[in-house]
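Descriptive structure summary
Listed below, chain by chain, are the residues.
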Amino acid sequence: MAKVTLFYTDGCHLCEEALSLALSCINDDDIHHQDILESEALINEFQTSIPVMKNITTGKLLYWPFTQQQIQELVQ
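These remarks concern the structure in this document. Here the structure is a predicted model, which means the values were calculated and not measured.

Now for the overall build of the protein. Counting its secondary structure elements, the protein contains three helices and four strands. When the helices and strands of the protein are listed from N to C terminus, the series reads β-α-β-α-β-β-α. The C-alpha radius of gyration of the protein comes to 11 Å, within 12% of the 11 Å expected for a compact globule of 76 residues. Taking the principal axes of the C-alpha coordinates as reference, the protein spans close to 30 × 25 × 20 Å. Per-residue burial for the protein yields a buried fraction of 37% across its 76 residues. Once local pairs closer than 6 in sequence are excluded, the contacts in the protein between residues at least 24 apart make up 64%. Put simply, the protein shows about 4,600 Å² of open surface, and 47% of that area lies on carbon and sulfur atoms.

Here it is in structure tokens:
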């Protein structure tokens, strides 16, 4: 079951960088990939701040730029 949601959109080089960083410290199975273009509400919330990671359990958000250590703290 996923531990975090990664809010992204296709073609976003920062999102690709964030995913690569996340995969260096957590498994892909622990990441739910959510394209913000699938929802008007998500576009309104995240269009100027993606990539964003969210802890599914706590709801805590982590805005780019973030580090590997911050990702690890988010999932703990």
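Still to come is the rest of the account.
As judged from the five bridges shared by strand 1 (residues 4-8) and strand 2 (residues 31-35), these two strands associate in the parallel manner. Bridge pairing links Val-4 to Ile-31 in strand 2. Following the chain from strand 1 across helix 1 (residues 13-23) to the adjacent parallel strand 2, one finds a crossover that is right-handed.

Applying the stated criterion across every chain, the model contains two aromatic pairs. Centre to centre, the rings of Phe-7 and Phe-46 are 4.4 Å apart; their planes meet at 25°, and the pair counts as stacked. With Phe-7 in strand 1 and Phe-46 in helix 2 (residues 40-46), the pair connects residues that are 39 residues apart, well separated along the chain. The class of Phe-7 is buried, set by a relative accessible area of 7%. For Phe-46, a relative accessible area of 2% corresponds to the buried category. Ring plane angle 85° and centroid distance 4.9 Å describe the contact between Trp-64 and Phe-66, whose orientation is recorded as edge-to-face.

Attention shifts here to the sheet that holds strand 1. The strand order 2-1-3-4 describes an open sheet built from four strands, whose pairing is mixed. Whereas interior strands pair on both sides, the edge strands pair on one side only; in this sheet they are strand 2 and strand 4 (61-63). Across this sheet, the average inter-strand angle for adjacent strands is 20°, counted without regard to direction. Across three bridges, strand 3 (residues 52-55) lies against strand 4 in antiparallel orientation. Its bridge partner being in strand 4, Lys-54 is matched across the sheet by Leu-61. In this fold helix 1 packs onto strand 1, strand 2 and strand 3, with an angle of close to 175° to the strand it touches most, strand 2. Helix-sheet contacts for helix 3 (residues 68-75) involve strand 1, strand 3 and strand 4, and the interaxial angle to strand 3 is about 25°.

Calculation rules
Residues numbered from 1 in each chain as written. Predicted model: local features only at pLDDT ≥ 70, side-chain atom pairs only at ≥ 80, totals over all residues. Heavy atoms only, no water. Helix = DSSP H or I, 4+ residues; strand = E, 2+ residues; numbered from the N terminus. Rg over C-alpha atoms; globule rule 2.2 N^0.38 Å. Buried < 20%, exposed > 50% of the residue type's maximum accessible area, 1.4 Å probe, protein only. Contact = heavy atoms within 4.5 Å. Areas by Shrake-Rupley, 256 points an atom, 1.4 Å probe, with all protein chains shown as cover. Pairing = 2+ DSSP bridges. Right-handed = clockwise from strand over helix to strand, strands pointing away. Phe/Tyr/Trp six-rings, centres within 6.5 Å; stacked < 30°, edge-to-face > 60°. Axes fitted to C-alpha atoms, helices over the stretch in contact; angles between N-to-C directions.

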